[in-house]
Amino acid sequence: LGWVGWHTYMDRVATRVQNVHSTEPMLHIVYEEANKIFGQPQKGGEDGGGGTDISEQYGAQFRDARKYGIRFSVIAQAPALIAPDIISSCTNLVINYLKNTKDKDLMLSALARSEKGFRDEEWRRFIDDMSVGMAIGRFPYTATRKFQRPVLFRPLMLEVQEPTNEEIAD
């Protein structure tokens, strides 16, 4: 899946380089189970010892995506397993209940809360004890400082039936 995403990304890059004033809509790629696709650094090459880190290649892709009209969404149950280059490029966050200490450390840091200080220890306890269906979001693309702070919300659940294979094909 990562390879397909990479080719889709590179196709958009080539299109934008050739046509700087392109009016194509923003491309949005969603990676579900991202920790399986973008795990911690692995060496490329046949023997696993040569080449650049695979995560470095994806890290560059995530850093440069916006200038090529691309957005990425990364969904993972274990964010600490995702390569740091990719995590550092994630600005908008939605966080649900987390169990793992490393996941909590990483997400508290991303929320701009001191993950190790005594002052913000209540955030750690809150993430540890969040109600089912609750989420913390941080959406910092705004000039107003107060709107950059984390917010607590409960996403609306839609009661709809899962589509059949035939409905998807149609």
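For the structure itself, consult the block above.
As the structure is a computational prediction, the values presented were derived from the model and not from experiment.

**A short note on the packing of helix H5 (residues 101-110) against helix H6 (residues 121-128)**
- Two elements in contact, H5 and H6, have axes whose closest approach is 11 Å; the angle formed by their N-to-C orientations is 125 degrees. Classified by the interaxial angle, the pair formed by H5 and H6 is oblique. Crossing hand, H5 versus H6: right-handed. Contacts from Thr101, Lys104, Asp105 and Leu108 of H5 reach H6 at Trp123, Arg124, Ile127 and Asp128.
- Taken together, the residues of the contact of H5 with H6 sort by class into three nonpolar, one polar and four charged.

**Some details on the packing of aromatic side chains**
- In this structure the tally under the stated criterion is three aromatic pairs.
- Ring geometry for Phe62 and Phe72: centres 4.4 Å apart, planes at 20 degrees, overall stacked. Pair noted here: Phe62 is in helix H3 (residues 54-64) and Phe72 is in strand S2 (residues 70-74), with a separation of ten residues, a long-range link. Of the two residues, Phe62 and Phe72, both sit in the buried class.
- What links up through ring pairs into an aromatic cluster is the set Tyr31, Phe62 and Phe72.

**Some points on unusual backbone geometry**
- Phi is positive for Glu33, which is not a glycine, with a value near 55 degrees.
- With respect to the element layout, Glu33 can be found in the loop between strand S1 (27-31) and helix H2 (34-37).

Rules of the game
- Residues numbered from 1 in each chain as written.
- Predicted model: local features only at pLDDT ≥ 70, side-chain atom pairs only at ≥ 80, totals over all residues.
- Heavy atoms only, no water.
- Axes fitted to C-alpha atoms, helices over the stretch in contact; angles between N-to-C directions.
- Helix = DSSP H or I, 4+ residues; strand = E, 2+ residues; numbered from the N terminus.
- Parallel < 35°, antiparallel > 145°, perpendicular 65-115°, else oblique.
- Left-handed = near helix turned anticlockwise from the far one by under 90°.
- Contact = heavy atoms within 4.5 Å.
- Nonpolar A, V, L, I, M, F, W, Y, C, P; charged D, E, K, R; others polar.
- Phe/Tyr/Trp six-rings, centres within 6.5 Å; stacked < 30°, edge-to-face > 60°.
- Buried < 20%, exposed > 50% of the residue type's maximum accessible area, 1.4 Å probe, protein only.

Shape is all these values report; function is a separate question.
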